[in-house]
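Structure assessment
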Amino acid sequence: MCKLASRVFPPASGAPRVREASPPARLPQLVSALPAGPDVASGGAPRNTTAAAGGSMSPGSAAPAAAPACPALWREENDGLVRQWRVVARDSGQSLKQQAAHHILEKFRGLLRRLQGLPSALSVLPLELTVLGNTLTLEVGLAQRFMKDHALDIQQGLERVLNAQGVPLPQSGDFWKTIFESPFTPSEMLSPLHHLVGLQGAIWLTDNHLGDLAILLCTMMNSQCKESGVPLPGLTEDLLSLLSVWDPPAEEVDAPMTLQDARSLRDVLLTAAAFHQGLQELHVGNLPLALSNLQKAAFSLCPRPVLAQVHTALGACLRKMGHPQRALLHLLEALKAGPGQGPPLLEAAQLYRQLGHTTAELDSLKLLVEVLSIPHSPRPPLFPIGVELLITPPSPASSLYCGTQSQAKHLLASRCLQTGRSEEAVEQYLDLLALLLDGSVSQGTQGSVFLSGGSQAPRVPEIFLETAAALIIVGRFQDSLTVCEELLSRIALLVPQKLQLGQGEPSLRSALSSVPPLSENPSEHLFCLLWASVAHLLQGQAHAGLGDRRKALEEFSRCLELLFRVQPLNRVVDQDAGGDIDQGSSGDVISSSEDELLFEIHPPVKVLQRLKAVTLICRGLEWVAGGQDARALQDFLLGVQVFPGDRNASLHLLHVLWRLERREEAIAIYQRLEAEDDQQQDDSEGLLPLYLEFCMSRIRITEQESLLQELRKSLQRST
């Protein structure tokens with residue numbers, strides 16, 4: 001087997017949040033001017049700053065302030081740091097920019113500690129809130145994410161505003177509402193407050209608290225309307241509408257400088273919220289609203305990686321709305337904006353599959369596998385705060401989730417097998433097995449690591465079975481036997497000797513999910529037994545392909561022996577007790593409360609019964625090939641009994657009865673088949689696991705139409 005390079009997905013490297021920074025630069029000329037109070041050099045920042053001032057304040061009165069020179073010097077220090085950062089951001093490379101960001105951040109933290117070490121004063125608070133906003137902007141950019149401490153820092157800043165106003169802290173914890181409804185907020189404080197609103201909104205947006213953000217914007221704009229006396233028409237609680245009409249005050253010329261103003265944050269929030277809501281509506285199926293929101297995001301100022309995601313989501317939305325050509329245009333735009341991104345390639349494959357363009361579909365999947373095999377370098381720190389930081393990684397249910405390299409390769413291999421490109425499917429499956437068994441997965445030969453294939457990867461036993469089936473299709477019977485033997489050796493100790501299913505058995509899971517340890521999930525014993533049974537079935541078909549009828553019959557019999565280990569619990573009704581009594585409680589028991597599954601396919605009982613029928617038919621066909629029609633008749637009859645709705649078993653039984661000249665019985669079966677509506681069976685067969693679909697394809701009777709035609713003529717003659 002050819003081994004592929006292991007995929008590498010390094011985690012986003014965020015700069016750790018360091019609160020214990022080095023002491024701020026000494027300012028000898030200010031030491032004597034500082035009023036008595038907390039030890040500023042130690043970095044203390046008491047929350048109850050009113051008490052620290054040593055007296056009560058009347059509402060709206062300013063707390064004892066520092067010497068007049070201090071605010072001006074602090075203001076100059078803040079502006080100097082902003083200017084220094086702007087020069088670095090404009091003229092420096094990424095490495096130097098990151099080093100400078102750490103240095104300037106420490107300076108901002110030191111300045112913020114000095115400001116918060118004093119009693120809060122209305123005259124200094126605009127500067128203090130601006131420094132807080134600048135500090136958070138650099139911290140978020142370096143960490144590449146918002147953290148819980150950032151929300152606490154904003155809350156502490158709001159507490160100091162209320163303390164300076166002499167307003168009691170609200171018991172409800174709604175500091176924003178209290179501040180905007182307070183009559184003591186000076187106009188010069190509005191700009192830094194709007195800046196903090198933008199940062200708070202970014203935190204809530206990443207945490208999916210859209211309702212809280214909408215309430216905050218409503219409160220803020222209603223307060224502005226009351227102060228100005230000018231009503232704002234059409235004010236609703238719709239988040240995008242509120243963000244669109246939010247007009248942060250322009251920064252005054254003499255105001256402290258900011259690294260990122262409130263208007264810039266507003267634009268970032270508007271784009272991110274439109275994209276976020278568009279994805280939500282797309283997920284729930286509200287396609288027109290999803291299209292509208294995604295178009296708003298596409299028409300805004302988006303960085304290229306985000307624009308690629310927006311166009312991909314638009315392509316998925318238009319595909320579901322039945323506009324494939326428009327969808328394709330958006331996917332092409334997505335590939336132009338983000339050439340190395342996987343989601344547009346996966347969406348293109350789905351679109352081509354829907355259109356029936358198999359070659360284009362497989363080409364897209366091959367490109368997807370290549371893209372996912374390339375190690376992705378960590379995203380560099382982002383300054384200022386951009387839309388990328390507000391977009392969370394897509395969940396597996398999202399249209400923007402393209403999976404891992406192993407998932408993409410499994411999809412490519414299975415689609416090659418389903419579309420008749422068997423040789424290519426074999427090569428893809430062998431590469432996939434090598435990829436999955438490489439490294440840590442190969443060490444978990446008897447545990448859940450092997451069964452799961454890793455988090456969100458195809459389940460390794462099912463890949464073995466699909467590989468063995470593909471090898472049989474291309475005539476590589478000995479290789480198929482080898483693959484099945486390898487699987488059986490790995491799961492032999494996990495196959496139970498007896499298994500009983502409760503009344504509400506679990507459903508077969510998809511090939512994509514992780515599995516907890518067997519001790520925590522007894523239903524995995526059922527899957528191990530199922531996999532072992534199919535392995536023996538495939539070995540029987542491989543031996544039949546090699547012409548070894550005796551070994552084929554042995555493998556089919558071993559498969560049936562395993563399948564008949566699974567027994568449903570027999571229940572009788574105890575009239576006196578008014579309940580059910582389980583008859584026979586030894587062995588492993590699986591109930592409906594176990595094994596929550598992501599995908600509903602067939603319940604295990606139905607799959608096991610169908611597998612029994614398939615195996616009996618396979619063994620019956622070997623009896624027929626050996627001229628033992630009587631034994632074949634027994635197996636075909638058992639196949640009809642264990643799965644009455646299986647049309648293949650009925651047709652094979654009919655065929656043998658006709659050959660044995662038991663015409664009346666054959667005609668009776670034929671009349672029953674003609675009366676049955678097999679539409680439901682045909683629809684359900686497509687939901688079976690791929691390896692079981694292959695097994696069923698090997699037993700379909702080839703001369704079905706000629707046999708049925710002969711029976712029709714016989715019936716016409718008899719009437």
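For the structure itself, consult the block above.
What this report covers is the structure whose coordinates are included nearby. Only a predicted model underlies this, so the values are computations on that prediction, with no experimental measurement involved.

1. Section: the overall build of the protein chain
Looking only at helices and strands, the protein chain has 31 helices and five strands in total. In the protein chain, of all internal contacts separated by at least 6 residues, the share reaching a separation of at least 24 is 71%. Surface summary for the protein chain: the accessible area is close to 32,400 Å², and the carbon and sulfur share equals 53%.

2. Some thoughts on the state of the cysteines
Here the structure, examined in full by the defined rule, presents zero disulfides. The closest cysteine sulfur to the non-disulfide-bonded Cys 695 is located on Cys 618, 6.9 Å from its own sulfur. Cys 695 sits in the buried class, given a relative accessible area of 0%.

3. Side note on the packing of helix 12 (residues 287–298) against helix 13 (residues 304–320)
The N-to-C vectors of helix 12 and helix 13 enclose an angle of 155 degrees; their axes lie 10 Å apart at closest approach. Comparing their axes, helix 13 and helix 12 come out roughly antiparallel. At the point where helix 12 passes helix 13, the crossing takes the left-handed sense. Contacts between helix 12 and helix 13 pair Leu 287, Ala 290, Leu 291, Leu 294, Gln 295, Ala 297 and Ala 298 from the former with Leu 307, Val 310, Ala 313, Leu 314, Cys 317, Leu 318 and Lys 320 from the latter. Across the contact of helix 12 with helix 13, the residue classes tally to twelve nonpolar, one polar and one charged.

4. Structural notes on the nonpolar core
Within the largest apolar cluster, 96 residues are counted, with the highest numbers of intra-cluster contacts made by Leu 138, Trp 176, Leu 217 and Leu 390. Per element, the largest residue contribution to this core is nine residues, and it comes from helix 5 (residues 125–143). Residues in contact with Leu 138, not counting those within four places in the same chain, are Trp 85, Ala 101, Ile 104, Leu 105, Phe 108, Leu 259 and Phe 383. Ranked by size, the runner-up nonpolar core spans 95 residues in total, among them Leu 430, Ala 470, Trp 658 and Tyr 691.

5. Some points on the packing of aromatic side chains
If you walk through the whole model with that rule in mind, you get two aromatic pairs. With a centroid separation of 5.9 Å and an interplanar angle of 15 degrees, the aromatic rings of Trp 176 and Phe 180 are classed as stacked. Taken together, the positions of Trp 176 and Phe 180, both in helix 7 (residues 175–181) and four residues apart, correspond to about one turn of that helix. Residue classification places Phe 180 among the buried positions, given a relative accessible area of 7%. The ring of Phe 527 has Arg 459 lying over it, and the distance from NZ or CZ to the ring centre is 5.6 Å. For the cation-ring pair, Lys 612 lies above Phe 564, with the distance from its terminal atom to the ring centre recorded as 4.4 Å.

6. Considering unusual backbone geometry
Positive phi, normally seen in glycine, also occurs at Asn 208, with a value near 65 degrees. Within the secondary structure, Asn 208 sits in the loop between helix 8 (190–206) and helix 9 (210–228). Positive phi is not limited to glycine here, since Glu 661 has a value of about 60 degrees. Mapping Glu 661 onto the fold places it in the loop between helix 27 (647–659) and helix 28 (663–675).

7. A few points about helix 27
Look at helix 27: 18 Å from first C-alpha to last across 13 residues, which is about the 18 Å you get at 1.5 Å a residue. Of the positions making up helix 27, those classed as buried are Arg 647, Asn 648, Ala 649, Ser 650, Leu 651, His 652, Leu 653, Leu 654, His 655, Val 656, Leu 657 and Trp 658. Glu 661 sits one or two residues past helix 27 and shows a positive phi near 60 degrees.

Calculation rules
- Residues numbered from 1 in each chain as written.
- Predicted model: local features only at pLDDT ≥ 70, side-chain atom pairs only at ≥ 80, totals over all residues.
- Heavy atoms only, no water.
- Helix = DSSP H or I, 4+ residues; strand = E, 2+ residues; numbered from the N terminus.
- Contact = heavy atoms within 4.5 Å.
- Areas by Shrake-Rupley, 256 points an atom, 1.4 Å probe, with all protein chains shown as cover.
- Disulfide = S-S within 2.5 Å.
- Buried < 20%, exposed > 50% of the residue type's maximum accessible area, 1.4 Å probe, protein only.
- Axes fitted to C-alpha atoms, helices over the stretch in contact; angles between N-to-C directions.
- Parallel < 35°, antiparallel > 145°, perpendicular 65-115°, else oblique.
- Left-handed = near helix turned anticlockwise from the far one by under 90°.
- Nonpolar A, V, L, I, M, F, W, Y, C, P; charged D, E, K, R; others polar.
- Core = buried A, V, L, I, M, F, W, Y, C linked by side-chain atoms within 4.5 Å.
- Phe/Tyr/Trp six-rings, centres within 6.5 Å; stacked < 30°, edge-to-face > 60°.
- Lys NZ or Arg CZ within 6 Å of the ring centre and 35° of its normal.
- Expected span 1.5 Å × (residues − 1).

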